Structure formats: C-alpha cells, structure tokens
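Descriptive analysis of the structure
Each chain, letter by letter, is given below.
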Amino acid sequence: MREIKLRAWDKENKAFMPSEGYAICDGDVMGLRYGNEMEDVLTDQIELMQYTGLKDMNGVDIYEGDIVRFDTNVQILESEVTYYHGMFTIKKYGEKIPLFTGLKVIGNKFENPELLEAD
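I will try to describe carefully the structure that is included in this document. (Residues numbered from 1 in each chain as written. Predicted model: local features only at pLDDT ≥ 70, side-chain atom pairs only at ≥ 80, totals over all residues. Heavy atoms only, no water.)

**What to know about the sheet that holds strand β9 (residues 76-80)**
- Taken in spatial order, the three strands of this open sheet run β9-β8-β13, and their pairing is antiparallel. The two strands at the open ends of the sheet, each matched to only one other strand, are β9 and β13 (104-108). The sheet shows a mean angle of 30° between the axes of neighbouring strands, direction not considered. (Pairing = 2+ DSSP bridges. Helix = DSSP H or I, 4+ residues; strand = E, 2+ residues; numbered from the N terminus. Axes fitted to C-alpha atoms, helices over the stretch in contact; angles between N-to-C directions.)

**Brief notes about a nonpolar patch on the surface**
- There is a patch of nonpolar side chains on the surface, built from Leu 6, Ile 24 and Leu 48 and spanning about 210 Å² of accessible area.
- As for its placement among the helices and strands, Leu 48 is situated in strand β6 (residues 46-55). (Patch = residues over 30% accessible without salt bridge, like charges linked within 9 Å, V, L, I, M, F, W, Y side chains within 5 Å. Areas by Shrake-Rupley, 256 points an atom, 1.4 Å probe, with all protein chains shown as cover. Salt bridge = Lys/Arg side-chain N within 4 Å of Asp/Glu carboxyl O.)

**Let's talk about the pairing of strand β8 (residues 66-71)**
- As paired strands, β8 and β13 are joined by four bridges and run antiparallel to one another. Counted as the bridge partner of Arg 69 is Lys 104 from β13.
- In terms of strand pairing, β8 meets β9 through five bridges, oriented antiparallel. In the strand pairing of β9, Phe 70 is matched with Leu 77.

**Some words on the nonpolar core**
- Core analysis: the largest hydrophobic core is formed by nine residues, namely Ile 62, Val 68, Phe 70, Leu 77, Val 81, Phe 88, Ile 90, Leu 99 and Leu 103.
- Breaking this core down by element, the ones donating at least two residues are β8 and β11 (87-92).
- In contact with Leu 77, other than residues within four places in its own chain, are Val 68, Arg 69, Phe 70, Thr 72, Lys 92 and Tyr 93.
- By size, the runner-up hydrophobic cluster in this structure holds five residues, among which are Ala 8, Met 17, Val 29 and Ile 46. (Core = buried A, V, L, I, M, F, W, Y, C linked by side-chain atoms within 4.5 Å. Buried < 20%, exposed > 50% of the residue type's maximum accessible area, 1.4 Å probe, protein only. Contact = heavy atoms within 4.5 Å.)

**Let's talk about the packing of aromatic side chains**
- Here the structure, examined in full by the defined rule, presents six aromatic pairs.
- Ring centres of Tyr 51 and Tyr 63 lie 5.6 Å apart, and the angle between their planes is 50°; on these two criteria the pair is classed as tilted. Taken together, the positions of Tyr 51 in strand β6 and Tyr 63 in strand β7 (residues 61-63) put the pair 12 residues apart, joining distant regions of the chain.
- Since its relative accessible area comes to 5%, Tyr 51 is described here as buried.
- In this structure Tyr 63 comes out as buried when scored by relative accessible area, which is 11%.
- Among the aromatic residues, ring-to-ring pairing joins Trp 9, Phe 16 and Phe 110 into one connected group.
- One Lys or Arg, Lys 5, reaches over the ring of Tyr 51 and ends 4.6 Å from the middle of that ring.
- Over the aromatic face of Tyr 84 sits the side chain of Lys 96, whose NZ or CZ is 5.3 Å from the ring centroid. (Phe/Tyr/Trp six-rings, centres within 6.5 Å; stacked < 30°, edge-to-face > 60°. Lys NZ or Arg CZ within 6 Å of the ring centre and 35° of its normal.)

**Let's talk about the pattern of salt bridges**
- One pass over the full model with this rule turns up six salt bridges.
- Among the salt bridges present, the one from Asp 66 reaches Arg 7, with a minimum N-O distance of 2.5 Å. In this pair, Asp 66 sits in strand β8 while Arg 7 sits in strand β1 (residues 6-10), placing the two residues 59 residues apart along the sequence.
- Overall, Asp 66 belongs to the buried group, its relative accessible area being 2%.
- One continuous salt-bridge network, built from bridges that share partners, spans Lys 5, Lys 55 and Asp 61.

Remember that the coordinates give geometry; whether it matters functionally is a separate question.
Structure (structure tokens):
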C-alpha cells in the first residue's frame, strides 16, 4: 500500500506550506499562515498535491505538479506529473502515459514554470 502524503502550495504567499502547517478538515484546508494560530484558508487559495508513491532516481518523492526529466533514447524530455483518469501520468509526445522508473525531479510547476514553456 502506498503512503498517503500531501503538500500544499499557498497561492497568496507563493510558497509551499510546511507539512505541519496545514490540516484538512471536512474538505476545507486550515493553515498556520500568520503566527501560530490556525485560520481558515480558502480552498481556492491552496493547491494540494498528492504524493505518487514513487521516488525519482535520486530518492526524491514525486508529487503531482513536479516536473520530471526522462530519457526516451531519442531525446531527453521534461514533463509535469498529473493525475488523470485514476492514475499519475506524464505527457510524452502529446499523450499521457503512466509514471515509470528512471525519472528525475527537476522542479515543480509553481517555482519553475519556465521548464514547461516548451511543453
């Protein structure tokens, strides 16, 4: 069974929230945004990303929204990890394919959007 982990991108502060900095309660995200008091954080201000259950070739956890590099034996491609029709996928030649081993996390769609410009 894969470990269920989430990470949260705070759109207002443009930063990942520390894992101990938020909780999900009845579908709403509660966060430690200012000081040590929990406050309601509107769900549209936070983007939650799920851990895929896989690690990259360097042992780094792979999450939705990560940008991974992989070698197709023809060229080196970079693509975003997404959740599509019940599975985690990456885009290759315009099609979504399941995640596989041999990937390397090189960034994420929030902090490194320039990596997806050619996508």
